[in-house]
Each structure stands twice: as structure tokens, then as C-alpha cells.
Amino acid sequence: MPIHAVRMTLYPGQEAEYQRRHDAIWPELVEALREAGIEEYRIFLDPQSRHLFAIMWLAEDHHVDDLPALPVMQRWWNAMADIMDTESDASPQSVVLEEVFTLRPKE
């Protein structure tokens, strides 16, 4: 199962607002993420740096590269752009994280 991890950054003082917006994530966005092959998606916050660490577990036949073209994804990015670092298309500025250690359960 492929895993994709990225780091993003919130603006100062936006931690609670970020949480509030994700607590009310749009059902159509959740559906689009699942249809793209995201089986599990977790986001962690480092409150000192305001970095968000997003980890996605993907289906083998995922098509997450198609998400940016979806209107619901673009609307979500625009709705979040006022609270985090973004690119010119309103997508979050993100740094792809490299896997350096894995511990798997015993078989």
C-alpha cells in the first residue's frame, strides 16, 4: 500500500480555525478523496512550528494526481487559503516527506 506524506504550514494563530474547518469537512470532498484511492488520511499539527504533517495511505490503483482538477478540491483550497501558506493556485504549499524508517507488525 503506497503511503504519501507531506508537510504544510499554518499562519500564526490559525490552529483552532484549521481544526474547526476540518471538523466540518465537506462530505463531497471526503467522497472525492475516497474515490481517488485515499484509504486513510491523517493530519498532525506541531504547535510550535505550525507545521502540518499529512499522511495518506493509498490504494494500489489510486489516482490522487487527478484531485487538483476537481472543482471540489479547488473550492476547498480556496476556502483554506486564508489560513495557510499556499501556491498561486491556492493549493497548500507542501514539502513531500521522505520515508526513513518503517516498523511493520509481526506476521
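Residues numbered from 1 in each chain as written. Predicted model: local features only at pLDDT ≥ 70, side-chain atom pairs only at ≥ 80, totals over all residues. Heavy atoms only, no water.

Undergrad: Explain the overall build of the chain here, please?
TA: Counting secondary structure elements, the chain contains three helices and four strands. Against the compact-globule benchmark of 13 Å for 107 residues, the chain has a radius of gyration of 14 Å, which places it among compact chains. Its C-alpha atoms give the chain principal-axis dimensions of roughly 45 × 35 × 25 Å. The proportion of buried residues among the 107 residues of the chain is 28%. (Helix = DSSP H or I, 4+ residues; strand = E, 2+ residues; numbered from the N terminus. Rg over C-alpha atoms; globule rule 2.2 N^0.38 Å. Buried < 20%, exposed > 50% of the residue type's maximum accessible area, 1.4 Å probe, protein only.)

Undergrad: Please explain the pairing of strand E2 (residues 38-46) as it appears in this structure.
TA: Remark: a regular strand shows side chains that alternate across the two faces of the sheet. By the bridge criterion, eight bridges tie E2 to strand E3 (residues 51-58) in an arrangement that is antiparallel. Within E3, the position partnered with Asp-46 by the bridge is His-51. Counted between consecutive antiparallel strands, the loop separating E2 from E3 contains four residues, among which Arg-50 sits at a positive phi close to 65°. (Pairing = 2+ DSSP bridges.)

Undergrad: I keep staring at the sheet that holds E3 and nothing clicks. Help me out?
TA: Consider a sheet: its strands pair through backbone hydrogen bonds, and that pairing is either parallel or antiparallel. If you trace the four strands from one edge of the open sheet to the other, you get E2-E3-E1-E4, paired in antiparallel fashion. Pairing within the sheet leaves two strands with one partner each, and these edge strands are E2 and strand E4 (95-96).

Undergrad: For this particular structure, what's the right way to read the packing of aromatic side chains?
TA: Within a pair of aromatic rings, the relevant descriptors are the distance that separates the centres and the angle that separates the planes. Evaluation of the coordinates by the stated rule reveals one aromatic pair. Ring geometry for Trp-26 and Trp-76: centres 5.0 Å apart, planes at 90°, overall edge-to-face. In this pair, Trp-26 is assigned in the loop between helix H1 (15-23) and helix H2 (27-35) and Trp-76 in helix H3 (residues 71-80), connecting sequence segments 50 residues apart. Exposure remark for Trp-76: the relative accessible area of 8% places this residue in the buried category. (Phe/Tyr/Trp six-rings, centres within 6.5 Å; stacked < 30°, edge-to-face > 60°.)

It is worth stressing that arrangement in space is one thing and function is another; only the former is reported here.
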